[in-house]
Amino acid sequence: MIDVIQQVRGSNPSLPTTIIVLRSDSRALADPETLMPEAQAWIDEKTPGARLSRESVLLAPYPGAMPTERKVTVLAFTDARHLAAFATAWTADPIPEGED
């Protein structure tokens, strides 16, 4: 994953420096290029300056294999604490109502 982050930083230096790659099944995503309205509202309120972006990276399907180009969805933050807050709120499994 570190290689992916380095590639994204190198190919798009305009992004903020703290980056998370979102899985295609992330509950924060409506589609690969759009956040769910709830996630967008959360980001707007709690993580000013965050940016969603689609980026091309070279990934090998397994060690030693030829890398191929792949599109990934990244969310870039201006502050590492914002990434941590987002990861806590949006990448963990949600707790069902009434359970603590």
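Engineer: Would you mind showing me how to read the overall build of the protein chain here?
Structural biologist: Helix and strand counts for the protein chain stand at 3 helices and 5 strands. Ordered by position from N to C terminus, the α and β elements of the protein chain give α-β-β-β-α-β-β-α. Considering only contacts in the protein chain between residues 6 or more positions apart, those separated by 24 or more positions represent 55%. A total of about 6700 Å² of accessible surface is found on the protein chain, and carbon and sulfur atoms cover 54% of it.

Engineer: So what exactly am I meant to see when it comes to the environment of I20 here?
Structural biologist: With respect to the helices, strands and loops of the structure, I20 is situated in strand β1 (residues 18-22). Among the residues examined, I20 registers a relative accessible area of 15% and is labelled buried. Distance from I20 to I5, taken between C-alpha atoms, is 7.7 Å for residues 15 residues apart in sequence. Dropping the residues within four chain positions of it, I20 is found in contact with T73, V74, L75, F77, L83 and T91.

Engineer: How do you make sense of the sheet that holds strand β5 (residues 68-77) when you look at a structure like this?
Structural biologist: Strands pair in a sheet through their backbones, by hydrogen bonds, and they do so in one of two ways: parallel or antiparallel. What the 3 strands build is an open sheet, ordered β1-β5-β4; its pairing is antiparallel. Either end of the sheet is taken by a strand with one partner, and the two such strands are β1 and β4 (51-59). Pairs of neighbouring strands in the sheet enclose a mean axial angle of 40°, with direction left out of account.

Engineer: What am I meant to see in the packing of aromatic side chains here?
Structural biologist: Here the distance between the centres and the angle between the planes together describe a pair of aromatic rings. Tallied over the full model, the rule gives 2 aromatic pairs. Ring geometry for F77 against F86: centres 5.7 Å apart, planes inclined by 45°, an arrangement best described as tilted. Exposure class is identical for F77 and F86. Each is buried. An aromatic cluster is present here, built from W42, F77 and F86 joined pairwise through their rings.

Engineer: Explain the pairing of β1 here, please?
Structural biologist: In terms of residue burial, β1 counts as a mostly covered element, since 4 of its 5 residues are buried. In terms of strand pairing, β1 meets β5 through 5 bridges, oriented antiparallel. Its bridge partner being in β5, T18 is matched across the sheet by F77.

Engineer: Is there a simple way to think about the confidence of the model for the protein chain in this case?
Structural biologist: Any residue range with low pLDDT should be treated as having predicted coordinates unsuitable for detailed reading. When pLDDT is averaged across the protein chain, the result is 89; 90% of the residues are at 70 or more. Here helix α1 (residues 2-11) stands out as the least confident element of the protein chain, with mean pLDDT 84; strand β3 (residues 34-35) is the most confident, with 97.

Engineer: Teacher, can you tell me more about helix α3 (residues 80-90) here?
Structural biologist: Structurally, the α-helix is built with 3.6 residues per turn, so residues lying three or four positions apart point the same way. Among the residues of α3, those classed as buried are H82, L83, F86, A87 and W90. Buried residues in α3, looked at end-on, bunch into an arc of 135°, giving them a common side. α3 presents R81 and T88 as exposed residues on the side facing more than 90 degrees away from its buried surface. Contacts made by the buried residues of α3 are with β1, α2 (37-46) and β5.

The rules behind these values
Residues numbered from 1 in each chain as written. Predicted model: local features only at pLDDT ≥ 70, side-chain atom pairs only at ≥ 80, totals over all residues. Heavy atoms only, no water. Helix = DSSP H or I, 4+ residues; strand = E, 2+ residues; numbered from the N terminus. Contact = heavy atoms within 4.5 Å. Areas by Shrake-Rupley, 256 points an atom, 1.4 Å probe, with all protein chains shown as cover. Buried < 20%, exposed > 50% of the residue type's maximum accessible area, 1.4 Å probe, protein only. Pairing = 2+ DSSP bridges. Axes fitted to C-alpha atoms, helices over the stretch in contact; angles between N-to-C directions. Phe/Tyr/Trp six-rings, centres within 6.5 Å; stacked < 30°, edge-to-face > 60°. pLDDT = per-residue confidence, 0-100. Arc of directions from axis to C-beta.

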